[in-house]
Amino acid sequence: MDITGIAKDFVTLCKAGKFEEAGRKYWSPDVVSREPAGPMMEARGIPAVAAKGEWWNANHEVHGFEIDGPYVSGDRFMVRFAMDITPKADGKRVKMDEIAVYQVAGGKIVEELSLIHI
């Protein structure tokens, strides 16, 4: 499957709320996921990236989300995630706007870089 097919399928799964399934299907064994800040700034490998997702789900209540994309260029695609969440740590409901840039090699996502709107 080419990058356009991977990007479209990945986003379709995410829009259906199947984030873990999208990851299992497309993460490279050596995937690296990077965040701008926080306790999970960098995760390497499928087990660590999966644990990062589990941590996020355990520490946030999601009230709703919208996903826009994918936008494809070369070996990368971008997805915009807009979420209405309440972090359990402080209980303050917020709107989160995130851009995720994914790099693909060999039919798998090798890097995820998250950019948060501030």
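So, a few notes on the structure that sits alongside this text. (Residues numbered from 1 in each chain as written. Predicted model: local features only at pLDDT ≥ 70, side-chain atom pairs only at ≥ 80, totals over all residues. Heavy atoms only, no water.)

Taken as a whole, this structure holds 10 salt bridges when the rule is applied. Glu-35 is the partner of Lys-52 in a salt bridge, and the nearest nitrogen-oxygen pair spans 2.7 Å. Taken together, the positions of Lys-52 in helix α3 (residues 46-59) and Glu-35 in the loop between β1 (27-34) and β2 (42-44) put the pair 17 residues apart, joining distant regions of the chain. Between Arg-76 and Asp-75 there is a salt bridge, and its shortest N-O distance comes to 3.1 Å. When salt bridges with common partners are traced through the structure, they connect Arg-34, Glu-42, Arg-44 and Glu-111 into a single cluster. (Salt bridge = Lys/Arg side-chain N within 4 Å of Asp/Glu carboxyl O. Helix = DSSP H or I, 4+ residues; strand = E, 2+ residues; numbered from the N terminus.)

What follows covers the layout of surface pockets. Space inside the largest pocket adds up to approximately 1100 Å³. Surrounding the largest pocket, 42 residues form its lining, Glu-35, Lys-52, Gly-53, Trp-56 and Glu-98 being those nearest its centre. The element contributing the most residues to the lining of the largest pocket is α3, with 9 residues. Its residues assigned to classes, the lining of the largest pocket comprises 25 nonpolar, 9 polar and 8 charged. (1 Å grid on protein atoms, 1.4 Å probe; cavity = no way out; pocket = protein on both sides within 12 Å on 5 of 7 lines; lining within 4 Å. Points joined across faces, edges and corners; volume = space filled by probe spheres on them. Nonpolar A, V, L, I, M, F, W, Y, C, P; charged D, E, K, R; others polar.)

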